[in-house]
Amino acid sequence: MSNVNGKRFLKPGKYLMMGNVAMAEGALSSGLKFFGGYPITPSTEVIEHLAKRLPEVGGCCMQMEDELASINAVMGASLVGAKAMTATSGPGLSLMTETISMAANIEIPFVFCDVQRCGPGTGFVTVPHHNDIGLTRFAGNGEFEVIAFAPMSCQELFDLTITAFNYAETYRCPIFILSDAYLGHIHEVVNIPPKEEILKRVIDRTIPKDTKGAKFTYEDIKTHKLTIPKPYIVGTEFCPPLIIHLPHNQDGILMPEENSLRFMKIMIDKIRDNIDKISLTEEYKLDDAEIIIISYGLPVRASYRAVDLARKKGIKVGIFRLITVWPFPKEKVKQVVAGAKAIIVPEMNYTGVIAEQVERVTDLNIPVIKVPKVATLHHPDDILKAIEEVAK
Amino acid sequence: MNRYEIRIVGYGGQGIITLSKMIAYASGICEELLVTQTEAYGAQARGGRSWAEVVIDLDRESKQIDYPKALKPYDLLVILSDAATKEVKKEVIKKEENTGLLIWDSSTILGKFRAASKMKNLGLPIQKMALEKFGDTVYGNTILFGIFTVVTKIFSEESAIETIKQFVPSSTLEKNIEAFKFGKQKAEEFLTQLKEGMS
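Remember, predicted model here, so these are calculated numbers, not experimental data. (Residues numbered from 1 in each chain as written. Chains lettered and ligands numbered in written order. Predicted model: local features only at pLDDT ≥ 70, side-chain atom pairs only at ≥ 80, totals over all residues. Heavy atoms only, no water.)

Description of empty space enclosed by the protein
Residues and elements named next belong to chain B.
Consideration 1: Applying the stated criterion to the full structure yields four cavities of 30 Å³ or more.
Consideration 2: Empty space within the largest cavity amounts to approximately 60 Å³.
Consideration 3: Forming the walls of the largest cavity are Q14, L80, D105, I126, Q127, T137, G140, N141 and L144.
Consideration 4: Mapped by element, the contributors of at least two residues to the lining of the largest cavity are α2 (126-134) and α3 (139-152).
Consideration 5: The biggest single contributor to the lining of the largest cavity is α3, with three residues.
Consideration 6: In terms of residue class, the lining of the largest cavity is made up of three nonpolar, five polar and one charged.
Consideration 7: There is about 40 Å³ of room inside the second largest cavity.
Consideration 8: Taken together, I8, L19, I23, L76, V78, I103, L144 and F148 make up the lining of the second largest cavity.
Consideration 9: Going through the elements one at a time, α1 (16-30), β4 (76-79) and α3 are the ones with two or more residues in the lining of the second largest cavity. (1 Å grid on protein atoms, 1.4 Å probe; cavity = no way out; pocket = protein on both sides within 12 Å on 5 of 7 lines; lining within 4 Å. Points joined across faces, edges and corners; volume = space filled by probe spheres on them. Helix = DSSP H or I, 4+ residues; strand = E, 2+ residues; numbered from the N terminus. Nonpolar A, V, L, I, M, F, W, Y, C, P; charged D, E, K, R; others polar.)

Structure, rendered in structure tokens:
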């Protein structure tokens, strides 16, 4: 195994890489051992690349008969201790939600890459549309929280995939990477760090010393503090006697119905309690900003340019970028927008899913202006126009 | 940030996407500049109208290219098909003395290309020359890469040759380097003419 593991890391240096490939390489660097998927435009290059690369590291890339089989294979692999992922687009994600909900219940770590395309239904398959933002948040029946990342460059697709795998190990909830048809096919230079540096960043799947310890997240009766144990591995000593997707206690034993509320609290609060650690954001020229752009993914890059152009005209505007879209950092946003004249939310969808979240936070005291775009990127001028309109 | 905007338009199969990746590789990997390449995706890349864009940041201090697509007016516009000529208007190309150039293929653009005469432009029968001199139209790509190397001066000849080695099958390397040199020579002739025209 040791010789094949050598190929897990690319030679350190700079590579001209397609977005979908950068993400696949990020997964391999994280120690990916299993990929189960069904090819779908615009995510196909992920499975194509991993079909070649995974056997080189002693892993397995399995093209299944459909999306249902794919996600179930991913869960199976993760249950037995392999870092696992799938990649698909919106129509595939809708098919997979049943298993995602089950995985959330039994806290199986996995990473889900959604290369979004224009919907609803089949839609336009080769163009970008951030229309799965809501679907990822509520991907499946039942109450549970998810974590979703929105990268905006090939380098970030590589880096954030490593973070995504770490979060999967730590928080044991569904983790999404929200790419899109455009980002997935951009070519950019990706800087691959040396193996030692990557290894320092990666959280491995290992069996804890205390194999008798809890297998599922639990609440301390006295302090009400939640503890998320390391993921269990079926077939080892560190495995619950029973894995059932019903409300269960820390050993996997069925909870009485009247305790269901406590179980829901665990499912939700294990993420909400850690929101400050989970939530990654970035600020750009916010110090004196009167107008604030809140955005995620590719529209942020057009926003950078729009802000620079607006600043030249003397308009005080800045950007608050959500790197993790879910959980939505309500408190952080509240602080950032306090006293702002207006908020502009450029999103690659018509509804403005995140704009609606922002509206909830601001209580409608500050105008929230949506800048929708579908099937193509925002031109910097689209955002500049919105800024100038507000600044009038 | 000092963006250099490139757009290449033609039809699927001409090698537009490969050419754009070669430009991105030479600038991004060999010269270590920031670069973003985007391309037509879907059925159009396999026939029909196809395009690719490269944005190069000439400012070495920059951390990231903001907007990933090429912004008008372009520094360099390459037009390789009749249908693509519709895109060419005076305002889409930069007018500065040191940049702003239209390169077009006079063997694939058969009709009158009036818009070209209104700007700094280099029209050459690229595909025809490739076929006659090197036996296959695919060498047109390397000829263009040679022209690009000379007119933009973004990357060195060594970087360009290193890039060609990365992108072409080794059995055709020699011929590709010849095609590259041929393109370079054509571009040098063009630059001399341009200089004489100005003086």
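A word on the pattern of salt bridges
Consideration 1: The full count for this structure, using the stated rule, is 29 salt bridges over all chains.
Consideration 2: We note a salt bridge from E25(A) to R53(A), for which the minimum N-O separation is 2.8 Å. One end of the pair, E25(A), is in helix α2 (residues 19-29); the other, R53(A), is in helix α3 (residues 44-56), with 28 residues separating them in the sequence.
Consideration 3: Here R53(A) falls in the buried class, since its relative accessible area comes to 4%.
Consideration 4: Between D288(A) and R311(A) there is a salt bridge; the shortest N-O distance is 2.9 Å. Taken together, the residues span a long stretch of sequence, with D288(A) in the loop between β11 (281-284) and β12 (291-295) and R311(A) in helix α11 (residues 299-312) at a distance of 23 residues.
Consideration 5: One network of salt bridges, with partners in common, ties together R7(B), R49(B), E53(B), K69(B) and E87(B). (Salt bridge = Lys/Arg side-chain N within 4 Å of Asp/Glu carboxyl O. Buried < 20%, exposed > 50% of the residue type's maximum accessible area, 1.4 Å probe, protein only.)

Overview of the packing of α1(B) against α3(B)
In a pair of packed helices, the angle between the axes and the distance between the axes together describe the arrangement.
All names here are of chain B.
Consideration 1: α3 packs onto α1 with a crossing angle of 35 degrees between their chain directions and a minimal axis gap of 10 Å. With respect to the hand of their crossing, α1 and α3 are arranged in right-handed fashion. Of the residues in α3, those in contact with T18, L19, M22, I23 and A26 of α1 are N141, L144, F145 and F148.
Consideration 2: By residue class, the composition of the contact of α1 with α3 is seven nonpolar, two polar and no charged. (Axes fitted to C-alpha atoms, helices over the stretch in contact; angles between N-to-C directions. Left-handed = near helix turned anticlockwise from the far one by under 90°. Contact = heavy atoms within 4.5 Å.)

Remember, this is a structural readout, not a statement about activity or role.
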